Amino acid sequence: MEKAIIVAYDTNRAIGRGGDLPWGRSLPADLAHFKRLTRGGDIIMGRKTFESIGRRPLPERENIVISSRPTGVKGVLTAVNLSSALALSRYPTFIIGGAQVYSDALNAPEIDTIYATEVDATFSDTDTFFPELDMTIWQEMSRTHHPADDDNAYAFDFVTYRRKTVG
Ligand SMILES: NC(=O)c1ccc[n+]([C@@H]2O[C@H](COP(=O)([O-])OP(=O)(O)OC[C@H]3O[C@@H](n4cnc5c(N)ncnc54)[C@H](OP(=O)(O)O)[C@@H]3O)[C@@H](O)[C@H]2O)c1
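Quick look at the structure, then. Keep in mind it's a predicted model, so treat the numbers as computed, not measured.

1. Considerations on the environment of F94
Here's step 1: Tracing the sequence through the fold places F94 in strand β6 (residues 93–95).
Here's step 2: In this structure F94 touches A4, I6, L37, T38, D42, I43, I44 and Y115, once residues within four positions along its chain are discounted.

2. Some points on the pattern of salt bridges
Here's step 1: Tallying each qualifying case throughout the model produces ten salt bridges.
Here's step 2: A salt bridge links R143 to E118; its shortest N-O distance comes to 3.1 Å. Residue R143 is found in strand β9 (residues 138–146), and its partner E118 is found in strand β7 (residues 113–119); the two are separated by 25 residues along the sequence.
Here's step 3: Residue R143 is classed as partly exposed on the basis of its relative accessible area of 38%.
Here's step 4: Residue E118 is classed as buried on the basis of its relative accessible area, which comes to 17%.
Here's step 5: We note a salt bridge from D157 to R143, for which the minimum N-O separation is 2.8 Å. Highlighted residues: D157 in strand β10 (residues 156–163) and R143 in strand β9, separated in sequence by 14 residues.
Here's step 6: When its relative accessible area of 13% is taken as the criterion, D157 is described as buried.

3. A few points about helix α1 (residues 28–38)
Here's step 1: All of the buried residues along α1 are D30, H33, F34 and T38. Projected down its long axis, α1 shows its buried positions confined to an angular sector of 110 degrees, all on one face.
Here's step 2: On its buried side, α1 packs onto β1 (3–9), β3 (42–46), β6, β7 and β10.

Calculation criteria
Residues numbered from 1 in each chain as written. Predicted model: local features only at pLDDT ≥ 70, side-chain atom pairs only at ≥ 80, totals over all residues. Heavy atoms only, no water. Helix = DSSP H or I, 4+ residues; strand = E, 2+ residues; numbered from the N terminus. Contact = heavy atoms within 4.5 Å. Salt bridge = Lys/Arg side-chain N within 4 Å of Asp/Glu carboxyl O. Buried < 20%, exposed > 50% of the residue type's maximum accessible area, 1.4 Å probe, protein only. Arc of directions from axis to C-beta.

Function-wise, these values are silent; they only describe arrangement.
Next up, the structure:
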């Protein structure tokens with residue numbers, strides 16, 4: 001079992017715009033992929049991401065929110081930083097954003113996998129970004145292309161990266 005990052009970004013690595021996803025709700029296949037991967041596991045998120053999903057726990061998952069203050073929301077655990085959140089979590093664990101939490105997770109050696117949705121589009125007025133990956137540390141393991149269709153406004157790739165083992 002693993003501890004993984006799950007993220008979707010555009011061609012500029014943008015993940016957010018005005019507290020929402022840059023592409024809004026126009027990629028239901030990505031939301032279904034997110035649900036399929038994370039269901040039954042633990043999800044760790046920053047307080048602003050928790051606000052963006054409506055300040056309620058996502059069902060069938062343990063929800064851990066990183067914040068300096070308790071959320072006061074029933075069914076949600078609060079941790080003061082990523083390492084305390086990881087200490088509360090069991091496997092499998094998914095880091096679901098946003099930007100600061102992703103940066104911390106990329107530097108945490110126990111996070112060994114990234115499930116990235118690479119959206120083949122460029123959005124304007126974006127304000128939150130996923131860091132560039134250091135490819136001396138990460139390697140691409142698989143990539144599946146999905147063209148745009150009647151339900152999904154943009155083409156995208158599901159990509160899995162794994163942390164290279166040392167030694
Ligand atoms: N495309 C994607 O895959 C994806 C995924 C997630 C989110 N998003 C988007 O990203 C945006 C939100 O992300 P964001 O980067 O602005 O915020 P965020 O990381 O979700 O939340 C930031 C907050 O989390 C807490 N926090 C995070 N790291 C901390 C640390 N090391 N120590 C203490 N507190 C910490 C702080 O909460 P307090 O201020 O309460 O102390 C901080 O203000 C939204 O637009 C959302 O839609 C996109």
